[in-house]
Amino acid sequence: TQLLEQSPQFLSIQEGENLTVYCNSSSVFSSLQWYRQEPGEGPVLLVTVVTGGEVKKLKRLTFQFGDARKDSSLHITAAQPGDTGLYLCAGAGRYNFNKFYFGSGTKLNVKP
Amino acid sequence: SQTIHQWPATLVQPVGSPLSLECTVEGTSNPNLYWYRQAAGRGLQLLFYSVGIGQISSEVPQNLSASRPQDRQFILSSKKLLLSDSGFYLCAWSDRGGQPQHFGDGTRLSIL
């Protein structure tokens, strides 16, 4: 069974601080996605990474896929209250890429 | 552009009653379709996915079932709901090949 571990589970920081969220597994994934979810809504896709070692930037967000395609990180620079939400990573299966495995989520609260 | 509709938004049902949640996608053909359940503030648990009409893969043995009567319609059902079926149910679609998923707004199901 493929399992994605996210850390930390909860993060409460002041506006302007930097933070990193980690998504780790012992399994290889064909691709990995990061989502952000607001309470009572569905997750919204932030980015997809496919190649080992790939780095993608989305404004103040930097996403990295591990060289072995087993782990990923999300770094936010100068966090803002609008970044508050539940961050989820999801990996597509290595052999069945129609199937996705979600991490347990990181709940981020950015205080003004 | 593609859109996904999921209803109802909230549902309160007594234990032992039947369930039918519906999800439809517009603006795409032959999508992969997914049903997930999410505990409060946590990751998503894959329940069912479908790669075509009448094709259902079940990931978690339980008293729920899924059907895909049309290309862009995915239905989650139960004959008799249990208290443990309470949760936030999310429908998602993706292009063939396991591309990133796009989620509906979810259904909050409460069992009394």
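Everything below is about the structure printed above this text.
A brief structural summary. (Residues numbered from 1 in each chain as written. Chains lettered and ligands numbered in written order. Predicted model: local features only at pLDDT ≥ 70, side-chain atom pairs only at ≥ 80, totals over all residues. Heavy atoms only, no water.)

Secondary structure summary: chain A contains 0 helices and 11 strands in total. A compact globule built from 112 residues would reach a C-alpha radius of gyration of about 13 Å, and chain A, at 13 Å, matches this within 12%. Overall, chain A is about 45 × 30 × 20 Å in size when its C-alpha atoms are taken along their principal axes. Excluding contacts between residues fewer than 6 apart, the proportion of contacts in chain A whose partners are at least 24 apart in sequence is 55%. Of the roughly 5,300 Å² that chain A leaves accessible, carbon and sulfur atoms contribute 51%. (Helix = DSSP H or I, 4+ residues; strand = E, 2+ residues; numbered from the N terminus. Rg over C-alpha atoms; globule rule 2.2 N^0.38 Å. Contact = heavy atoms within 4.5 Å. Areas by Shrake-Rupley, 256 points an atom, 1.4 Å probe, with all protein chains shown as cover.)

A few words now on the pairing of strand 7 (residues 61-65) of chain A. Residues and elements named next belong to chain A. Only one face of strand 7 is buried: it carries Leu61, Phe63 and Phe65, and the other face, with Thr62 and Gln64, is open. Two strands pair when backbone bridges link them, and strand 6 (residues 55-58) and strand 7 are joined in this way by 4 bridges, in the antiparallel orientation. When the bridges of strand 7 are listed, Leu58 appears paired with Leu61. In this sheet, strand 8 (residues 71-76) lies alongside strand 7 in antiparallel orientation, the contact comprising 5 bridges. (Buried < 20%, exposed > 50% of the residue type's maximum accessible area, 1.4 Å probe, protein only. Pairing = 2+ DSSP bridges.)

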